[in-house]
Amino acid sequence: MLRFAPSPTGDMHIGNLRAAIFNYILAKQRKERFLIRIEDTDQARNIAGSDKEILQILTLFGLLWDDLVYQSANFSYHNQLAQKLLDSGKAFYCYCSKDFLESKKQEAIEAKRAFRYDDSWAEIEKSSGKPPVVRLRKSTEPITYHDSIKGELHFAPNELDSFVIMREDGVPTYNFACACDDMLYDISAIVRGEDHTSNTPKQILVHRALGYEKHIEYAHLPIILGESGKKMSKRDSASSVAWLLEQGFLPSAICNYLISMGNHTPCEIFSLEEAIAWFSLEKVAKAPVRFDLARLRFVNHAHLSRLSDGDLALLLESSDESMGKLARIYLEEASTLNELREKIARIFAPKDIYALYEGQDFSKECALLLESLQELITNAPAEYESFKNQAMQASSLKGKGFFKALRILLTGASHGPDLSKLYEILRPYLQAIIKVVKLDSSAPQ
């Protein structure tokens, strides 16, 4: 079984989504089940409704799970395993206060040495009467494991001290709950972010202490850098999957881009289903990868271009397929759904010629042409050339003055796609489009 284990503590980061995608692909390739495990043990940091948002995003991206569990439901199981470790002497109670440990950390800093917990401190403050934590006894042997991306990783005994597995309130720590649940659900491979690299030896130590011998594959994905070259943080809008979706990027395009980041793929543009056929963790680069919004725009444009006119219309919240045809024309100069929405909305929105095009000196031409069009559009010819010639003759306009005025009246913009392409689609809507043009400040909006 493969798993994706998000914490319901905020917006989903693109790094988390990338890990979810990779775990999903491996599950499909290996014909194993895909588990979503909501790691909600940190009650203080959990945000109400965040778990639902996570599941909605996964569904939107087509990452459908076979099983869904909440880690908090396994607390009794975690406690049983902690007691087993205590009974066997592989874990022990520690009564050290936070103030005591902080003082020891300061001593280490002043001495310019790494801070390590000393097992001899465990009962120094036992008489305080405060509830103890439970610590797993440190390893006396090095821990080595193979990372499918990073290769062989080695951790010496002095790098791992006796760490906390159960807090004072009886709630398991992240590493302990994670290791226990990976055992419980028979997880075969784990793909997650590079920030978990140092957690893996601790989780392996938990497995060893509990006598769990199944080999688990590990892969830690390199961090994603922002466009500035620094690690992406929550302050980077593009790090949020929700933000990208709000900007009009398609789930299929985001998925395509995240799979291709730092990866050798057989083609530039592909679907999740296509990637399942050739994806390999071994081809993912070890080095950090930089998020490139311009590149995502290119990929998104390609995915929009792949859609049928009907699907484009639906994404623009219209049942009229002609809106999809219109969107396809505007793909010449747009890369996201939001950009398409803005350009199409401008066509049908009220147009205040003076306010929008002040200083461009096309208001006179617009006024002349508008008067001519009001009669012409009642029985507008089917062919653009006929419409253009009749409009020119009726308005006495020609050249740039005519074409700029016509484009402004029809599209609400002074630049854009070929008018002959637009006319074919806009012809049935000409009366509605012209009706909302405003030529002076006294005219009704």
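Per chain, residue numbering runs from 1 following the sequence as it is written. Restriction of local features to residues with pLDDT of at least 70 applies here, the model being predicted, together with a cutoff of 80 or more for giving and counting side-chain atom pairs; totals for whole chains, interfaces and linings are based on all residues. To obtain the side-chain values, all non-hydrogen atoms of the structure were included, while hydrogens and water were left out.

1. Description of the layout of surface pockets
Its boundaries defined by the atoms lining it, the largest pocket holds a volume of some 1200 Å³. Detection works on a 1 Å grid of protein atoms alone, calling trapped sets that fit a 1.4 Å probe cavities and calling open sets with protein on both sides within 12 Å along at least five of seven lines pockets, with lining residues defined by an atom within 4 Å of a point. Taken together, 39 residues form the lining of the largest pocket, with Ser7, His13, Asn16, Asp195 and His196 sitting closest to its centre. Elements are defined by DSSP. Helices are runs of H or I of four residues or more, strands are runs of E of two residues or more, and each kind is numbered from the N terminus. Among the elements of the structure, strand 1 (2-4), helix 1 (14-30) and strand 9 (189-193) are those that each provide at least two residues to the lining of the largest pocket. Counting residues per element, the lining of the largest pocket draws most heavily on helix 1, which supplies five residues. Charged means Asp, Glu, Lys or Arg here, nonpolar means Ala, Val, Leu, Ile, Met, Phe, Trp, Tyr, Cys or Pro, and polar covers whatever is left, Gly included. Partitioning the lining of the largest pocket into residue classes produces 13 nonpolar, 13 polar and 13 charged. Empty space within the second largest pocket amounts to approximately 420 Å³. Only helix 4 (98-110), strand 5 (133-136), strand 8 (163-166) and helix 5 (174-184) provide two or more residues apiece to the lining of the second largest pocket. Grid points are joined across faces, edges and corners, and a volume is the space filled by probe spheres set on the points.

2. Quick notes on the nonpolar core
The nonpolar side chains of soluble globular proteins are, as a tendency, buried together. Of all hydrophobic cores here, the largest spans 49 residues; its most connected members are Leu326, Leu340, Leu369, Leu373, Phe387, Leu406 and Leu409. Looking at this core, the elements with two or more residues in it are helix 10 (293-306), helix 12 (321-330), helix 13 (337-348), helix 15 (363-376), helix 16 (384-395), helix 17 (399-411), helix 18 (419-426) and helix 19 (430-435). Ranked by residue count, the leading element in this core is helix 17, at six residues. Contacts are residue-level and defined by heavy atoms, with any inter-residue pair within 4.5 Å sufficient. The residues contacting Leu406, other than those within four sequence positions of it, are Leu369, Leu373, Tyr384, Phe387 and Leu419. Here, nonpolar core means buried Ala, Val, Leu, Ile, Met, Phe, Trp, Tyr and Cys residues that are tied together by side-chain atoms lying within 4.5 Å of each other. Type-normalised accessible area, obtained with a 1.4 Å probe on protein chains alone, sets the label of each residue: buried when under 20%, exposed when over 50%, and partly exposed for intermediate values. Counting residues in hydrophobic clusters, the runner-up holds 48 residues, among them Ile54, Ile149, Ala219 and Ala238.

3. As for helix 8 (residues 251-260)
Most of helix 8 is tucked away: nine of the 10 residues are buried. Inspection of helix 8 places Pro251, Ala253, Ile254, Cys255, Asn256, Tyr257, Leu258, Ile259 and Ser260 among the buried residues, and these make up the whole buried set. Taken from the residues just after helix 8, Gly262 is the one with a positive phi, measuring 60°.

4. Overview of the sheet that holds strand 5
Any two strands between which DSSP finds at least two bridges are classified as paired. Across the sheet, three strands lie side by side as 4-5-8; this open sheet has antiparallel pairing. With one partner strand each, in any of the chains shown, strand 4 (91-94) and strand 8 form the two edges of the open sheet. Strand-to-strand twist of the sheet, defined as the mean angle between neighbouring strand axes without regard to direction, takes the value 45°. Summarising the sheet, strand 5 and strand 8 pair through three bridges and their orientation is antiparallel. Residue pairing across strands places Arg135 opposite Val164, the latter belonging to strand 8. Of the strands in this sheet, strand 4, strand 5 and strand 8 touch helix 3 (residues 75-87), which is tilted by about 100° from strand 4. Note on geometry: axes are C-alpha line fits, over the in-contact stretch for helices, and angles between N-to-C directions span 0 to 180 degrees.

5. A look at the packing of aromatic side chains
What describes a pair of aromatic rings is the distance from one ring centre to the other and the angle between the planes of the rings. Centres within 6.5 Å make a pair out of two Phe, Tyr or Trp rings, where for Trp the six-membered ring is used; the pair is then stacked when the planes are under 30 degrees apart, edge-to-face when over 60, and tilted otherwise. Applying the stated criterion to the full structure yields 14 aromatic pairs. Ring centres 5.7 Å apart and planes at 85° place the aromatic pair Phe100 and Trp121 in the edge-to-face group. You can see Phe100 sitting in helix 4 and its partner Trp121 sitting in the loop between helix 4 and strand 5, a full 21 residues away along the chain. For the pair Phe100 and Trp121, one class covers both residues: buried.

6. Notes on the side chain of Lys351
Mapped onto the elements of the fold, Lys351 is located in strand 13 (residues 351-352). For the buried Lys351, which has no salt bridge, the nearest side chain bearing the opposite charge is Asp352, at an N-O separation of 12 Å. A distance of 2.4 Å separates a polar atom in the side chain of Lys351 from the backbone oxygen of Ile347. Asp and Glu are treated as the negative residues and Lys and Arg as the positive ones, with His and the ends of the chain left uncounted. What makes a salt bridge here is a side-chain nitrogen of Lys or Arg within 4 Å of a carboxyl oxygen of Asp or Glu, nothing more. Each polar contact in these results corresponds to two N or O atoms within 3.5 Å; when the atoms are within protein, one needs to be able to donate a hydrogen and the other to accept it, and residues that are neighboring in sequence are counted only if both atoms are side-chain atoms.

7. Section: the domain arrangement of the chain
The domain boundaries here were taken from an automatic or database domain assignment. For the chain, the assigned domains read domain 1 (307-348) and domain 2 (356-433). Taking only C-alpha atoms, the centre of domain 1 and the centre of domain 2 are 21 Å apart. Summed over both partners, the accessible area lost on bringing two parts together, with a 1.4 Å probe, is the buried area. Across the domain 1/domain 2 interface, buried area totals approximately 1100 Å², and carbon plus sulfur atoms make up 69% of it. For the interface between domain 1 and domain 2, the tally reads one salt bridge. Joining domain 1 to domain 2, the criterion identifies three residue pairs in polar contact (both at pLDDT 80 or more). Within the residue set of the side of domain 1 that touches domain 2, elements represented by two or more residues are helix 12 and helix 13. Per-class residue counts for the side of domain 1 that touches domain 2 are six nonpolar, one polar and five charged.

8. A look at the side chain of His303
Considering the arrangement of structural elements, one finds His303 in helix 10. According to the relative accessible area criterion, His303 is buried, its value standing at 5%. Apart from the residues within four sequence positions on either side, His303 is in contact with Leu250, Ser252, Ala253, Asn256, Ile269 and Phe270.

9. As for helix 5
Burial analysis of helix 5 places nine of its 11 residues in the buried class, which makes it a mostly covered element. After helix 5 finishes, the residue Asp186 shows a positive phi value of roughly 55°.

10. Re the packing of helix 8 against helix 10
One can describe the packing of helix 8 onto helix 10 by two numbers: an axis separation of 9 Å at closest approach and a directional angle of 130°. Put simply, helix 8 runs oblique to helix 10. When you trace helix 8 past helix 10, the crossing you get is right-handed. Residues Ser252, Ala253, Ile254, Asn256 and Tyr257 of helix 8 form the contact with helix 10, whose own contacting residues are Arg295, Leu296, Val299, Asn300 and His303. Of the residues belonging to the contact of helix 8 with helix 10, the class tally is five nonpolar, four polar and one charged. By definition in this entry, angles of less than 35 degrees are roughly parallel, angles greater than 145 are roughly antiparallel, angles of 65 to 115 are roughly perpendicular, and the rest are oblique. If you view the pair so one helix is near and one far, a crossing is left-handed when the near helix is turned anticlockwise from the far one by less than a right angle, and right-handed when it is turned clockwise.

11. Some details on the pattern of salt bridges
Scanning all chains against the criterion turns up 20 salt bridges. For the salt bridge of Asp182 with Arg3, the shortest nitrogen-to-oxygen distance reads 3.1 Å. Residue Asp182 is found in helix 5, and its partner Arg3 is found in strand 1; the two are separated by 179 residues along the sequence. Each member of the pair, Asp182 together with Arg3, is buried.

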